Amino acid sequence: QSQTLEPWKLYSTVGLLLGLDVITFGIWQIVDPLQRTIEEFTKEEPRGDLDVLILPQLEHCSSVKMNTWLGIVYGSKGLLLLLGIFLAYETKSVSTEKINDHRAVGMAIYNVAVLCLITAPVTMILSSQQDASFAFSSLAIVFSAYITLVVLFVPKVRDIRNVGDYTQVIHCL
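Residues numbered from 1 in each chain as written. Predicted model: local features only at pLDDT ≥ 70, side-chain atom pairs only at ≥ 80, totals over all residues. Heavy atoms only, no water.

The name given to the protein chain in an unreviewed UniProt entry is G-protein coupled receptors family 3 profile domain-containing protein, with the source organism recorded as Engystomops pustulosus. Recorded in UniProt under Subcellular location (unreviewed entry), the annotation for the protein chain is "Membrane". Recorded under Sequence similarities (unreviewed entry), the UniProt text for the protein chain is reproduced unchanged: "Belongs to the G-protein coupled receptor 3 family. GABA-B receptor subfamily." (UniProt positions renumbered as here; feature names shortened; annotations may be inferred.)

Structure representation (structure tokens):
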């Protein structure tokens, strides 16, 4: 059973998903716009100077129903990840010459899903500690991108190194 995916269908699907994101974020900004809030902590006295008090402040960019909107965005992206995991699972037994990296794509999707399941709750818990939250989420993004690139391209580079004739391998890419 041979099925072909026409390019316009792929572009229209990506455009539809992008349009849904634009509509979601647009409604969010119209209904419940993000505003700068300042969280103030207790005043501190520095050790060396007695005439100065330090008032630590933490700036947040949030809205009234921030958790609801984040739940909507996380839910929609989670459903897309579940769809990707389902499609990767369904195509694991497919073997064709033109698409020989479907298992690598499935592993990349699994890795991104696991990292998202870990990162989203941890960054919400660490929201009052900006440095820790930023460090954790940025490391998760970099680690996810790195793992995806390694899973997708290391086997191809290894094949290029092992095969003497590079034209055959480039034909597979």
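Draft legend 1. Highlighting the overall build of the protein chain. When helices and strands are tallied, the protein chain shows 5 helices and 2 strands. Seen in sequence order, the protein chain has helices and strands lined up from the N terminus as α-β-β-α-α-α-α. Here the protein chain, with 173 residues, has 14% of them falling under the buried criterion. If you sum the accessible surface of the protein chain, you get close to 13,700 Å²; carbon and sulfur atoms cover 66% of it. (Helix = DSSP H or I, 4+ residues; strand = E, 2+ residues; numbered from the N terminus. Buried < 20%, exposed > 50% of the residue type's maximum accessible area, 1.4 Å probe, protein only. Areas by Shrake-Rupley, 256 points an atom, 1.4 Å probe, with all protein chains shown as cover.)

Draft legend 2. Broad picture of the side chain of S144. Mapped onto the secondary structure, S144 falls in helix α4 (residues 130-162). When neighbours within four sequence positions are excluded, S144 is seen to be in contact with V112 and L115. (Contact = heavy atoms within 4.5 Å.)

Draft legend 3. Main features of the packing of helix α3 (residues 102-125) against α4. Interhelical geometry of α3 versus α4 gives an angle of 175° and a closest axis separation of 9 Å. Compared by their axis directions, α3 and α4 come out roughly antiparallel. Residues A104, V105, M107, A108, N111, V112, L115, I118, T119, V122 and T123 of α3 pack against S133, F136, S137, A140, F143, S144, I147, T148, V151 and L152 of α4. Its residues placed into classes, the contact of α3 with α4 shows 14 nonpolar, 7 polar and no charged. (Axes fitted to C-alpha atoms, helices over the stretch in contact; angles between N-to-C directions. Parallel < 35°, antiparallel > 145°, perpendicular 65-115°, else oblique. Nonpolar A, V, L, I, M, F, W, Y, C, P; charged D, E, K, R; others polar.)

Draft legend 4. How the structure looks around the side chain of T119. The residue T119 is located in helix α3 in this model. In this structure, T119 is in contact with F136, S137 and A140, ignoring residues within four places of it in sequence.

Draft legend 5. Just the packing of helix α2 (residues 66-90) against α3, in detail. At their nearest, the axes of α2 and α3 sit 9 Å apart, and the two run at 160° to each other. With respect to their mutual orientation, α2 and α3 come out roughly antiparallel. α2 and α3 meet at a crossing whose hand is left-handed. Each of N67, Y74, L81, G84, I85, A88 and Y89 in α2 lies in contact with α3, whose residues at this interface are G106, I109, Y110, V112, A113, C116, A120 and M124. The class makeup of the residues in the contact of α2 with α3 is 12 nonpolar, 3 polar and no charged. (Left-handed = near helix turned anticlockwise from the far one by under 90°.)

Draft legend 6. Inspection of the environment of K92 at higher detail. Secondary-structure assignment places K92 in the loop between α2 and α3. Accessibility expressed as a relative area gives 41% for K92, which makes it partly exposed. In contact with K92, not counting residues within four places along its chain, are H102 and R103.

Draft legend 7. Region of the structure containing the pattern of salt bridges. What the rule picks out here adds up to 2 salt bridges. K77 is the salt-bridge partner of D21, the closest N and O atoms lying 2.6 Å from each other. Of this pair, D21 sits in helix α1 (residues 7-31) while K77 sits in helix α2, and the two are 56 residues apart along the sequence. Given the relative accessible area of 32%, K77 is considered partly exposed. The residue E59 makes a salt bridge to R36 at a minimum N-O spacing of 3.1 Å. A residue pair is termed long-range when its members are at least 10 positions apart, and E59 in strand β2 (residues 57-62) and R36 in strand β1 (residues 35-40) qualify at 23 residues. Here E59 falls in the partly exposed class, since its relative accessible area comes to 43%. (Salt bridge = Lys/Arg side-chain N within 4 Å of Asp/Glu carboxyl O.)

Draft legend 8. Highlighting the UniProt feature "transmembrane region" (unreviewed entry) in the protein chain. Mapped onto this structure's residue numbering, the UniProt feature "transmembrane region" (unreviewed entry) falls at residues 12-31, 68-89, 109-128 and 134-154. Here residues 68-89 is 100% helix and 0% strand, with 31 Å between the C-alpha atoms at its ends. Helix makes up 100% of residues 134-154 and strand 0%, with an end-to-end C-alpha separation of 29 Å.

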